[in-house]
Amino acid sequence: MSDALKFTYEISGDDFTRAGEASGDAKRKLKQLGISPEAVRKVAIAMYEGEINMVIHADGGKIDVIITPEAITMILADKGPGIKDIEKAMQAGYSTAPDNIRALGFGAGMGLPNMKKYSDEMDIQTEIGVGTTVTMKVFI
């Protein structure tokens, strides 16, 4: 993996003023690296959705973006409450976001479905009371 490039982002929980900064920065860097516009778009959308989920549900976390000649891998790890029902959480429109978050225009229940839609591979590892790690891959 010596030909890999890695960026790490710390995500602040409950800070909607900074939500989206990490995915925006990753998008800029991928464009500078000459990654195809379609791959950049998929990464930006999938990562943004995950970033927002971390702000809303998990009090933040860490995102590692690993770029190899084959793929862009995003590893989103948090120490939040975990996802009680992944199958339900994957349904479009299902949300556990509180009303105050919905009033801000977030929490529509499209985060995980969009993360899956815009990544070529997605894996969710979650443990209640410990946290969740979502790994997404976009092939180049």
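Residues numbered from 1 in each chain as written. Predicted model: local features only at pLDDT ≥ 70, side-chain atom pairs only at ≥ 80, totals over all residues. Heavy atoms only, no water.

**Student:** Is there a simple way to think about the side chain of Ser119 in this case?
**Tutor:** Mapped onto the fold, Ser119 is located in the loop between α5 (111–117) and β4 (121–127). On the basis of relative accessibility, which here comes to 8%, the residue Ser119 falls in the buried class. Within the structure, the side chain of Ser119 is placed 2.7 Å from the backbone oxygen of Met115, a separation counted as a polar contact. A polar atom in the side chain of Ser119 sits 3.4 Å from the backbone oxygen of Glu121. Those residues in contact with Ser119 that lie beyond four places of it in its chain are Met136, Lys137 and Val138. (Helix = DSSP H or I, 4+ residues; strand = E, 2+ residues; numbered from the N terminus. Buried < 20%, exposed > 50% of the residue type's maximum accessible area, 1.4 Å probe, protein only. Polar contact = N/O pair within 3.5 Å; in protein donor to acceptor, adjacent residues only side chain to side chain. Contact = heavy atoms within 4.5 Å.)

**Student:** Quick question: what am I supposed to make of the pattern of salt bridges here?
**Tutor:** A side chain with one charge may pair with a side chain of the opposite charge, provided their charged atoms come close. A full pass over the atoms with the stated rule returns seven salt bridges. Here Asp64 ties to Lys6 by a salt bridge, and the two come within 4.0 Å at their closest N and O atoms. Here Asp64, found in strand β2 (residues 60–67), pairs with Lys6, found in strand β1 (residues 5–12); they are 58 residues apart in sequence, far enough to count as distant. Between Lys42 and Asp120 there is a salt bridge whose closest N-O contact spans 2.7 Å. In this pair, Lys42 is assigned in helix α2 (residues 37–57) and Asp120 in the loop between α5 and β4, connecting sequence segments 78 residues apart. Judged by its relative accessible area of 15%, Lys42 falls in the buried class. Members of the salt-bridge network, linked through shared partners, are Lys6, Lys62 and Asp64. (Salt bridge = Lys/Arg side-chain N within 4 Å of Asp/Glu carboxyl O.)

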